[in-house]
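# Structure assessment
The chain contents come next:
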Amino acid sequence: MVTTCASPAAVQLMSVKDVVCASAPDLQRLTGLSNSDVQQLITAAAAVCRRHPPITAQQLQHGVSGAQLRLGCPVLDRLLRGGLPVGGITELAGESGTGKTQVGLQLSLSVQYPAEHGGLGAGALYVCTEDSFPIKRLHQLIGEQVCLRSDVPADLVSSLRFSDHVYIEHTADLDSLLVCLTRRARLLLTRGLVRLIVVDSVAALFRTEFQADDWLERNRQLLTFSSMLHHLSQEFSTPVLCINQVTDVFSQSHNSMGPSLSTVSPALGLAWANQVMVRLMMSRLQGTVVRGDQSSALRRLEVVFAPHLARDGQNAAVWREGLRGVESWTSNRK
Amino acid sequence: MQRPVSSLPLSQAVRLKLGSAGFQLTADLLDFKPDKLSKETGLSEEEAVEVLKAVKGGGGGGGSGDISASLTALELLQKEEELRSIVTFSSQLDECLGGGIPVGKITEVCGVPGIGKTQLCLQLAVDVQVPQCFGGVEGQVMFIDTVGSFLLQRVTDIAAAAVRHCSLLAEDDEQRAAMETFTVETILSNIFLVRCHDYVELLAELHLLPDFLSQHPKIRLLVIDSVAFPFRLLFDELSQRTRLLNGVGQQLITMAINHNIAVVITNQMTTRIRDGQSHIVPALGECWGHAPTIRLLLQWEGSRRLATIFKSPCHVETMVQYQITPEGFRDADQSEMAHSKRPRMDTDQSAAEPKDTSS
């Protein structure tokens, strides 16, 4: 690759990464090469580090990336303009009881459909950090998939072995979470067994383990964790859903992170928000929706920010078959 | 030339060898051939050639471009006026910036997540391609995405809106002819995209960029979204991070000047505790703040989005309101702005000699 002869000892000590990160005068000093040779060395090292040469956006159009993971409800998928983007962290924040876990479960099933039906043709890794996995609810959702996904032929739905492809992990602390991601998640992704990672919830671990003074250490751990997720997501074109809690907002200071007039904001602050590509919020509204023999409290799924979505929201309800958007609803206020 | 050898742009080792061989001034080196010089000083042939090139390059604007001929301030002013700025499609912001994002300088856009930094970058990636007869720059764009936020759906929306806008403005034959080549497909084909997953890939990409820019001389804009994301992970080695960022800053400004491009980078915000109060400030530290020429801060005030120019050598610190619509980055008051149809004639410069204003 590099045709000049540098002093072999110096070159052996350096990896390609070191060459790219060093400055030209430093390299000259270390290797004893002339300026033009050093430039050649840097260019060769950089070419190795580069994964893909630049492509035009037009070529991207005809490429594979840009797939999305549908939620399974056409109304909500329209809000998301297709679904969760692959390659980036999607956050779903909200108070407890609003239905965030429902979304995680629903996506764990919708990912298993083939691409032409909005899935990614593989399973899901569901990481629980607080409560134990709601296995009963998952089985209920599986039983009702035919009802939810009326757009998919029924024989295809019944042929999918849903419960076989949801991999459940319980991690009680930060270290085991990081180990789970580095080993198990990577293994499952490499083998093509999963194309979705759900972390339910991120806030739980980072809020309990650190005292108020440790925020520097907490941010450090948060960045390590999120960068790992980000890398996995980009490398394997896998959507990542992180479920988050909310904190109360006491005063709308001039340093506010959003225009929201709500009294709650997602937990973990600015450091976490900087890592998130799509932020969604789920809240409970007054009123209930009735359908047949079922009734559900009314919810609202809001897009707080996303590179490709407008700030918008959609009312929704939780039924036996899962979360569905409610276009026009008749309220039954109690 | 009584210029000391130590002032030449050579590496330390070469200078030491020259010094110990007795060469103090560049005049001493003028009569030497490379092979004789290398024998005298112990330098390799290639190094000797470099030394002589550097010496000769001092008097004429040639060589490897390290020493260029000096320009007068008037020539610089004329050069700057010939360069068009890249409009943002928000007329208020364009006015504050004196036409738009300037070419040949680094502009940094900071803000909290979701405020519109990526939207502005995508808008500029489309705006740089506006044909010259509409007052645009008609250039290509290199988009380095470190976050993964370059989503084709959104780019297509913004491109389609820009095409619609320009076709409504097309008055004469020249503009109508230009609209033939200003379509969503051609806009997408003029955006070069690279995805970098960590800071090493970003640095590698920047090393390879000058060659790429030479091969594609029509590129007028480089966007890096965002510079902060990969570097914020180096929290344990802050000194290395500062050194790397300084290098990045130098590379960017060199490329901006040499290849005549506008560089737009986005930065994140971070919290700083000062005097017991927490403030939100741009990330990457104080040292990085010196790298960009112009810094724009995007922030929320209630439900309004504001853009502030908070560092610039040639603009007043002003605050304007903007909004993000399905069409892209726009003024707050109206959804379509009144875009000037012909290039602006510079009226506020008084020069001694007549200038050739671009038309």
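Our subject in this report is the structure included herewith.

About the cut-offs
- Residues numbered from 1 in each chain as written.
- Chains lettered and ligands numbered in written order.
- Predicted model: local features only at pLDDT ≥ 70, side-chain atom pairs only at ≥ 80, totals over all residues.
- Heavy atoms only, no water.
- Salt bridge = Lys/Arg side-chain N within 4 Å of Asp/Glu carboxyl O.
- Helix = DSSP H or I, 4+ residues; strand = E, 2+ residues; numbered from the N terminus.
- Buried < 20%, exposed > 50% of the residue type's maximum accessible area, 1.4 Å probe, protein only.
- Pairing = 2+ DSSP bridges.
- Axes fitted to C-alpha atoms, helices over the stretch in contact; angles between N-to-C directions.
- Contact = heavy atoms within 4.5 Å.
- Parallel < 35°, antiparallel > 145°, perpendicular 65-115°, else oblique.
- Core = buried A, V, L, I, M, F, W, Y, C linked by side-chain atoms within 4.5 Å.

Let us now look at the pattern of salt bridges. All names here are of chain A. One pass over the structure, following the stated rule, counts 18 salt bridges over all chains. Note that Glu235 and Arg186 form a salt bridge whose closest N and O atoms lie 3.2 Å from each other. Residue Glu235 is located in helix H13 (residues 215–235), and its partner Arg186 is located in helix H11 (residues 174–190); the two are separated by 49 residues in the primary sequence. Owing to a relative accessible area of 40%, Glu235 belongs among the partly exposed residues under this scheme. Between Arg291 and Glu321 there is a salt bridge; the shortest N-O distance is 3.0 Å. Of the two residues, Arg291 is situated in strand S11 (residues 278–291) and Glu321 in the loop between strand S13 (313–319) and strand S14 (322–325); the sequence distance between them amounts to 30 residues. What emerges from the salt-bridge pattern is a single network uniting Arg70, Arg149 and Asp151.

Turning our attention to the pairing of strand S2 (residues 140–145) of chain B. All names here are of chain B. With six of six residues buried, S2 is to be regarded as a mostly interior element. Side chains Gln140, Met142 and Ile144 project from S2 onto one buried face, and the interleaved Val141, Phe143 and Asp145 project onto a second face that is buried too. The sheet contact formed by S2 and strand S4 (residues 219–225) spans six bridges and is parallel. Following the sheet pairing, Ile144 is matched in S4 by Ile224.

With that out of the way, let us pick up the sheet that holds S11(A). Residues and elements named next belong to chain A. As summarised here, the arrangement of the nine strands in space is S6-S5-S7-S8-S4-S11-S12-S13-S14, forming an open sheet in which the pairing is mixed. Of all strands in the sheet, those with a lone pairing partner are strand S6 (166–170) and S14, marking the two edges. Sheet twist, expressed as the average angle between the axes of neighbouring strands with direction ignored, equals 25°. Pairing analysis gives five bridges linking strand S5 (residues 123–128) to S6, with the strands arranged parallel. Bridge pairing in S6 places Val127 opposite Glu169. Against the sheet, H13 touches strand S4 (88–94), strand S7 (194–200) and strand S8 (239–244), its axis set at about 125° to S4.

Another point: the packing of helix H3 (residues 24–31) of chain A against helix H4 (residues 35–49) of chain A. Residue and element names in this part refer to chain A. Where H3 contacts H4, the two axes come as close as 10 Å, and the packing angle between them is 110°. Taken as axis vectors, H3 and H4 run roughly perpendicular relative to one another. Here Ala24, Leu27, Gln28 and Thr31 of H3 lie close against H4, whose contacting residues are Asn35, Val38, Gln39 and Ile42.

Looking now at the nonpolar core. Counting 60 residues, the largest nonpolar core has Ile86(B), Phe134(B), Phe143(B), Phe150(B), Phe182(B), Ile191(B) and Leu221(B) as its most contacted members. Excluding residues within four positions of it along the chain, Ile86(B) makes contact with Gly99(B), Gly100(B), Ile101(B), Val103(B), Leu124(B), Asp127(B), Val128(B), Val137(B), Arg220(B), Leu221(B) and Ala262(B). Counting residues in hydrophobic clusters, the runner-up holds 49 residues, among them Val20(A), Cys21(A), Phe231(B) and Leu244(B).

All names here are of chain B. By the secondary structure assignment, Thr325 is in strand S10 (residues 319–325). Note on Thr325: relative accessible area 10%, which makes it buried. Excluding its chain neighbours within four sequence positions, the residues that come into contact with Thr325 are Arg154 and Arg330.

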